[in-house]
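This is what each chain is made of:
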Amino acid sequence: MSKKALIIGLGASGEACTKFLLKRQWTVLATDTRNEPPALERLKDCERFRFLTLDKAQSVLDEVALVVISPGISPEHSAVTPLVEAARSKGLEVVGEIELFARELDRLKAERGYSPIVIGITGTNGKTTTANMINDILADNGFSPVNNRAGSNILGGVATTLISAVNLRGKTVKDLAVLELDERSSRLIYPYVHPTYLLCTNLFRDSYKRNAHSEFIFDILDKHIPKQTKLVLNADDLVSARLAKNNNRVYFGIEKQSDEVLNEDTIIIDTRLCPKCGSRLEYDFRRYHHIGSAHCTKCSFRSPKADYDVTKVNEGTGRITMSLKGKTADFKMVGTSVTDTYNLAGAIAVLSEFGLSAEQLRKSVEKLEIVKSRYDEEKIGDKQVIMSVAKGQNPVACSRVFSSIKNHSGKKSVVLMLDDLGDAEETSENTAWIYDTDFEFLNENSIEHVICSGDRRMDYKVRLLLAGVPEEKITCVEKESDAAMAVDLDKADTIFFLYDVYTTSYATISKNTIGNRMAERSAK
């Protein structure tokens, strides 16, 4: 039989897999649920490549030796199911793309002793920011890891990244990989990709349609983290700190600060009871939600001690002091929030374990900046305009931003553009996350105006009313792109625009609108 493969699904990972096989002199036939997938334009002129519409794909099964299915397509519950069943009935091997790469890695390891270092970053909040910091620090120290920075953190994006790391001669281009890994996809990723180090930032309630409760995600990760992986865990997170108890591990954390406001009243505290005996936990301090330090008065359970510990946060100088396994080091703060400090501490911890010295880390951290698409401040006329990501369908991420706004000085207006892109495309009646979010932080005298925009604008209004925000302070606008026009420029010193991770375009539109309005105002 000829060296011929059929690829089912021609998205980004399918395209990478096609190129991977073509370089190895395979003939590649490809099909997709779409008649003209975007990758087709880039592949159509490749030698030994042919595209077939899905209705024609079964006719070539007798020609192929291998069937590769993209991770974004369900083999059991989709339009490709009859094709997959027909392939299996003929005795053809049907594999996933990441499995294909894992086999190549196993071959390289057996033949050449090749075993790349893989740094994985997972967790509910902070994955992308932390992964970006890790990549930037490594690059500043002369490393050039393969990474999925420009791609997805679910199975398809990881497969694309890893497949593209293997060159024509079957040699890997990189000996180091930094991979942002979706916690929900761990059961599909970890059987084939075994991180050398796995940093877990935290575990919270998130994306209720797929992730729901933090303990649900904990169970998935706990079952599938490879036994040989060294864990870098948040000592202050009473959920993720308990992951994979038999694995080698180190912890990072932030000590209680003398001037810190603690025990903030929040709706969600997911760890109230001892995970060991079920008795009520006693918090030594609670920073927010279940982040802090606690112990059980009935058994031996207590929060672990951090190996990489932020001992001092000096907001005045914009610097932190850390104990790196007993050695003191000083670093620039990257961002002003406590969550930013946790992200930095996690990055420093995993890169210390990787082998970078405190001095290497210090010099590189000096060059880091918060990505402006995540957070940006700009003075426009006499107004301070602050753009901030507030991750949609994530009650803890939104509550953290709301708390920050509450504590910000001066008179404020807040524009909510929180609709999740996925929810906008395939909406759900489940709005539970809104009622787990602390909208009460926006019931503050210094917050003069709250503008709700998008499809969920009335849901946000109802929640604000339940939080005690006076109705006269609330305005609803149908389209996010029009929200900035509803801002009363006479009411506030600072205007906050809060948007989802995947709707950053609204932030740009809003800032430009405020700029134009302020210019018109000055011209009068």
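Conventions and cut-offs
- All chains use their own residue numbering, which begins from 1 and follows the written sequence.
- In keeping with the predicted nature of the model, local features appear solely for residues at pLDDT of at least 70, side-chain atom pairs appear and are counted solely at 80 or more, and the whole-chain, interface and lining totals rest on all residues.
- For side-chain calculations, the full set of non-hydrogen atoms in the structure is used, while hydrogens and water are omitted.
- Each residue's exposure class comes from its accessible area (1.4 Å probe, protein chains only) as a fraction of the maximum for that residue type: buried when under 20%, exposed when over 50%, partly exposed otherwise.
- In this text, helices come from DSSP runs of H or I with a minimum length of four residues, and strands from runs of E with a minimum of two, each type numbered from the N-terminal end.
- Two strands qualify as a pair provided DSSP detects at least 2 bridges between them.
- Here an axis means a line fitted to C-alpha atoms, over the contact stretch when the element is a helix, while the angle between two N-to-C directions is reported on a 0 to 180 degree scale.
- By definition, a salt bridge exists where a carboxyl oxygen of Asp or Glu is found within 4 Å of a side-chain nitrogen of Lys or Arg.
- To form a nonpolar core, buried Ala, Val, Leu, Ile, Met, Phe, Trp, Tyr and Cys residues must be joined to one another through side-chain atoms within 4.5 Å.
- Whether two residues are in contact is decided by their heavy atoms: any pair within 4.5 Å suffices.
- Working definition: rings of Phe, Tyr and Trp (its six-membered ring) pair if their centres are within 6.5 Å, and the pair is stacked with planes under 30 degrees apart, edge-to-face with planes over 60 apart, and tilted otherwise.
- In this analysis the charged atom, NZ for Lys or CZ for Arg, is taken to sit over a ring once it is within 6 Å of the ring centre and within 35 degrees of the ring normal.
- Angular relationships are summarised with four words: roughly parallel below 35 degrees, roughly antiparallel beyond 145, roughly perpendicular across 65 to 115, and oblique for the angles in between.
- Helix crossings get a hand from a simple test, with the near helix turned counterclockwise from the far one by less than a right angle marking a left-handed crossing and a clockwise turn marking a right-handed one.
- Side-chain classes are defined by residue name, with Ala, Val, Leu, Ile, Met, Phe, Trp, Tyr, Cys and Pro counting as nonpolar, Asp, Glu, Lys and Arg as charged, and the others, Gly among them, as polar.
- What a helix is expected to span follows from its residue count: subtract one and scale by 1.5 Å.
- Comment: arc refers to directions from the helix axis out to C-beta atoms.

Draft legend 1. View of the pairing of strand E4 (residues 66–69). What you see with E4 is no split at all: Leu66 and Val68 on one side and Val67 and Ile69 on the other are buried throughout. Note: strand E1 (residues 4–8) against E4, four bridges, orientation parallel. When the sheet's bridge partners are listed, Ala5 is paired in E4 with Leu66. Summarising the sheet, E4 and strand E5 (residues 93–96) pair through four bridges and their orientation is parallel. Residue pairing in the sheet places Val67 in a bridge with Val94 of E5.

Draft legend 2. Here's a closer look at the sheet that holds strand E22 (residues 494–499). Spatial ordering of the open sheet is given by E17-E18-E22-E19-E20-E21, a layout of six strands whose pairing is mixed. The two strands at the open ends of the sheet, each matched to only one other strand, are strand E17 (375–380) and strand E21 (474–477). Ignoring strand direction, the axes of neighbouring strands in this sheet form an average angle of 15 degrees. In the sheet, strand E19 (residues 412–417) pairs with E22 via six bridges, with the strands oriented parallel. Each residue of the ladder has a partner; that of Val415, found in E22, is Phe497.

Draft legend 3. Focus on the pattern of salt bridges. A complete count under the given rule lists 30 salt bridges for this structure. Of the charged contacts in the structure, one is a salt bridge between Lys411 and Glu448, with a shortest N-O distance of 3.3 Å. Of the two residues, Lys411 sits in the loop between helix H11 (395–407) and E19 while Glu448 sits in strand E20 (residues 447–453), which places them 37 residues apart along the sequence. Classification of Glu448 by relative accessible area gives partly exposed; the value is 22%.

Draft legend 4. Expanded view of the nonpolar core. By size, the foremost hydrophobic cluster in this structure holds 42 residues, and its most contacted members are Ile119, Ile134, Leu138, Met322, Phe331 and Leu351. Among the elements that line this core, the one with the most residues is helix H9 (residues 338–354), at nine residues. Excluding residues that lie within four positions of it along the chain, Leu138 makes contacts with Ile119, Phe143, Pro145, Leu176, Val178, Leu351, Phe354 and Leu356.

Draft legend 5. Summary view of the packing of aromatic side chains. Evaluated as defined, the whole model comprises five aromatic pairs. Their ring planes at 75 degrees and their centres at 5.2 Å tell us that Phe143 and Phe354 sit as a pair that is edge-to-face. Here the residue Phe143 occupies a position in the loop between helix H5 (127–140) and strand E7 (146–147), and Phe354 occupies one in helix H9, the gap between them amounting to 211 residues. The class of Phe143 is partly exposed, set by a relative accessible area of 33%. These aromatic residues form a ring-pair network of at least three members: Phe402, Trp433, Phe439 and Tyr460. Sitting over the face of the ring of Phe20, Arg24 holds its NZ or CZ atom 4.0 Å from the ring centroid. Here the guanidinium or amino end of Arg242 rests over the ring plane of Phe218, the centre of that ring lying 4.9 Å away.

Draft legend 6. Spotlight on the environment of Val60. With respect to the element layout, Val60 can be found in the loop between strand E3 (49–53) and E4. Residues Val60 and Leu6, 54 residues apart in the sequence, show an inter-C-alpha distance of 8.4 Å.

Draft legend 7. Representation of the sheet that holds E7. As summarised here, the arrangement of the nine strands in space is E7-E8-E6-E9-E10-E11-E14-E15-E16, forming an open sheet in which the pairing is mixed. The open sheet terminates on both sides in strands that have one partner only, identified here as E7 and strand E16 (327–332). Judged from the four bridges that link them, strand E6 (residues 117–122) and strand E9 (residues 197–200) form a sheet pairing that is parallel. Bridging from a neighbouring strand, Thr122 pairs with Cys200 of E9. Strands E6, strand E8 (176–180), E9, strand E10 (230–234), strand E11 (249–254), strand E14 (308–314), strand E15 (319–324) and E16 of the sheet are contacted by H9, whose axis makes an angle of about 150 degrees with E11.

Draft legend 8. Local environment of the packing of H5 against H9. At a minimum axis distance of 9 Å, the contact between H5 and H9 shows a crossing angle of 45 degrees. Between H5 and H9, the crossing angle belongs to the class labelled oblique. Like other packed secondary-structure pairs, H5 and H9 cross with a definite hand, here right-handed. Contact with H5, carried on its side by Thr129, Thr130, Met133, Ile134, Ile137 and Leu138, involves Asn343, Leu344, Ala347, Val350, Leu351 and Phe354 of H9 and no other residues of that element. When grouped by side-chain class, the residues that make up the contact of H5 with H9 number nine nonpolar, three polar and no charged.

Draft legend 9. Structural context of helix H15 (residues 504–523). Given a rise of 1.5 Å per residue, 20 residues ought to cover 28 Å, and the 29 Å separating the end C-alpha atoms of H15 matches this to within 8%. By the burial criterion, the buried members of H15 are Ala507, Ser510, Thr513, Ile514, Arg517 and Met518. Taken down its axis, H15 places every buried residue within 130 degrees of arc, on the same side. Looking at H15, the residues exposed on the side facing more than 90 degrees away from the buried face are Glu520 and Ala523. Where H15 is buried, its residues touch E17, strand E18 (383–389), E19 and E22.

Draft legend 10. Highlighting the pairing of E6. Judged by how many residues are buried, E6 sits mostly within the fold: five of six residues are covered. Of the pairings in the sheet, the one linking E6 to E8 comprises five bridges and is parallel in character. What sits directly across from Ile119, in E8, is Val178.

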